[in-house]
Amino acid sequence: MAYATSSNFTSTQANALSTVEPTSLVPEVSARIQRLTTDDQLALLWFIYLEMGKSITPAAPGAARLQLAEGLLAQVKALSPEEQMSFMRDLVAKRNSPLSRAYGVFNANTKLGFWYCLAQGMDEGTVVRVPQSYKPSRPVKDLLNVLMTQANFSQQITILRNAVVNMGFDALR
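Residue positions are given per chain, counted from 1 along the sequence in the order it is written. Where local features are concerned, this predicted model is filtered to residues with pLDDT of at least 70; where side-chain atom pairs are given and counted, the filter is 80 or more; whole-chain, interface and lining totals use all residues. Side-chain metrics in this entry use all non-hydrogen atoms of the structure; hydrogen atoms and water are not considered.

What follows deals with unusual backbone geometry. Phi at lysine 94 is positive, roughly 60°, even though this residue is not glycine. By definition, any uninterrupted DSSP run of H or I lasting at least four residues is a helix, any uninterrupted run of E lasting at least two residues is a strand, and each is numbered from the N terminus. Relative to the elements of secondary structure, lysine 94 occurs in the loop between α5 (81-93) and α6 (98-104). Overall, the relative accessible area of 38% leaves lysine 94 in the partly exposed class. Accessible area is worked out with a 1.4 Å probe on protein chains only. A residue is then buried under 20% of its type maximum, exposed over 50%, and partly exposed in between.

Here it is in structure tokens:
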């Protein structure tokens, strides 16, 4: 499985990220994440987990009703690695599939907690992860840098929640 490294993110946009005003940080970074390619969004979520995983534990699962997501998580873990990757890509692309619809009805905190659990599964090897050979694209590196150096914890969680809230398929959207 290969991750695409192309993006419609320009060097001008990357330079602009280094000087994002604190008040516009959340909407600016959130918008830039949405413009990443599907695979770059997935990679960014993985790298965020690697950087913040332990610190988001109380914020993500504690606030979410993860019992609602346990069934979907079990279904995903039962899939082959290729099917798991397809599922995650379907979520980002908002494709209409049974599993994407199941995710689409979760509230924002449950979606955030679900991705946290997916990342834990990746860490444990029960969910397909970003290949070790994957090299993050410049936009992913830039966004990760901004998240880790300019955003406070509350902004990081809000940006992460914004990244996952519109994923999946919701017939009511």
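This brings us to the pattern of salt bridges. Think of a salt bridge as a Lys or Arg side-chain nitrogen and an Asp or Glu carboxyl oxygen that are within 4 Å of each other. Scanning the entire structure with this criterion turns up 4 salt bridges. The partner of glutamate 28 in a salt bridge is arginine 32, and the shortest N-O contact between them spans 2.4 Å. With glutamate 28 and arginine 32 both in helix α2 (residues 25-34), this residue pair falls 4 residues apart, about one helical turn. Close ionic contact of aspartate 90 with arginine 95 constitutes a salt bridge, the shortest N to O distance being 2.9 Å.

This part covers α5. The end-to-end C-alpha distance of α5 is 18 Å, a good match for the 18 Å that 13 residues give at a rise of 1.5 Å each. For α5, every residue scored as buried is listed here: Gln84, Met85, Phe87, Met88, Asp90, Leu91 and Val92. The positive-phi residue at the C-terminal boundary of α5 is lysine 94, with phi of around 60°. Between the first and last residue of a helix there are one fewer steps than residues, each counted as 1.5 Å, and that sum is the expected span.

Take the nonpolar core next. Nonpolar core, defined: a set of buried Ala, Val, Leu, Ile, Met, Phe, Trp, Tyr and Cys residues in which side-chain atoms within 4.5 Å join the residues together. Counting 51 residues, the largest nonpolar core has Phe87, Met88, Tyr103, Phe114, Trp115 and Leu118 as the members making the most contacts within it. Only α2, α3 (38-56), α4 (70-77), α5, α6, α7 (108-124), α8 (138-149) and α9 (153-165) provide two or more residues apiece to this core. The greatest single-element share of this core, amounting to 9 residues, is contributed by α3. Setting aside anything within four residues of it in sequence, one finds phenylalanine 114 in contact with Leu66, Ala69, Leu72, Leu73, Val76, Phe87, Leu91, Tyr103 and Phe106. Residue contacts are defined here by distance: any two heavy atoms, one from each residue, within 4.5 Å place the two residues in contact.

The axes used here are C-alpha line fits, helices contributing only the stretch in contact, and every angle between their N-to-C directions lies in the interval 0 to 180 degrees. Between α2 and α9, whose axes approach to 9 Å, the crossing angle comes to 35°. By crossing handedness, the relation of α2 to α9 is classed as right-handed. Where α2 abuts α9, its residues Leu25, Val26, Val29, Ser30, Ile33 and Gln34 lie against Gln155, Thr158, Ile159, Asn162 and Ala163. Taken together, the residues of the contact of α2 with α9 break down into 6 nonpolar, 5 polar and no charged. By definition, turning the near helix anticlockwise from the far helix through less than a right angle yields a left-handed crossing, and turning it clockwise yields a right-handed one. Note on residue classes: Ala, Val, Leu, Ile, Met, Phe, Trp, Tyr, Cys and Pro are nonpolar, Asp, Glu, Lys and Arg are charged, and everything else, Gly too, is polar.

What follows is about the environment of glutamate 83. Inspection of the secondary structure puts glutamate 83 in helix α5. Residues glutamate 83 and valine 128, spaced 45 residues apart in sequence, show a C-alpha to C-alpha distance of 9.2 Å.

What follows concerns α4. Taken residue by residue, α4 has Leu72, Leu73 and Val76 as its buried positions. Seen along its axis, α4 keeps its buried residues to an arc of 100°; they face one direction. Contacts made by the buried residues of α4 are with α5, α6 and α7. The arc in question is the one spanned by the directions pointing from the helix axis to the C-beta atoms.

Our focus in this paragraph is the side chain of serine 100. When you line up the elements, serine 100 lands in helix α6. Definition of a polar contact: a pair of N or O atoms within 3.5 Å, with one able to donate and the other able to accept a hydrogen when the atoms are protein atoms, and with sequence-neighbouring residues admitted only if both atoms are side-chain atoms. At a separation of 2.9 Å, a polar atom in the side chain of serine 100 contacts the main-chain carbonyl oxygen of arginine 95. Of note is the side chain of serine 100, whose polar atom sits 3.1 Å from the backbone nitrogen of phenylalanine 169. Not counting the four nearest positions on each side in its chain, serine 100 is found in contact with Phe87, Asp90, Leu91, Arg95, Gly168 and Phe169.

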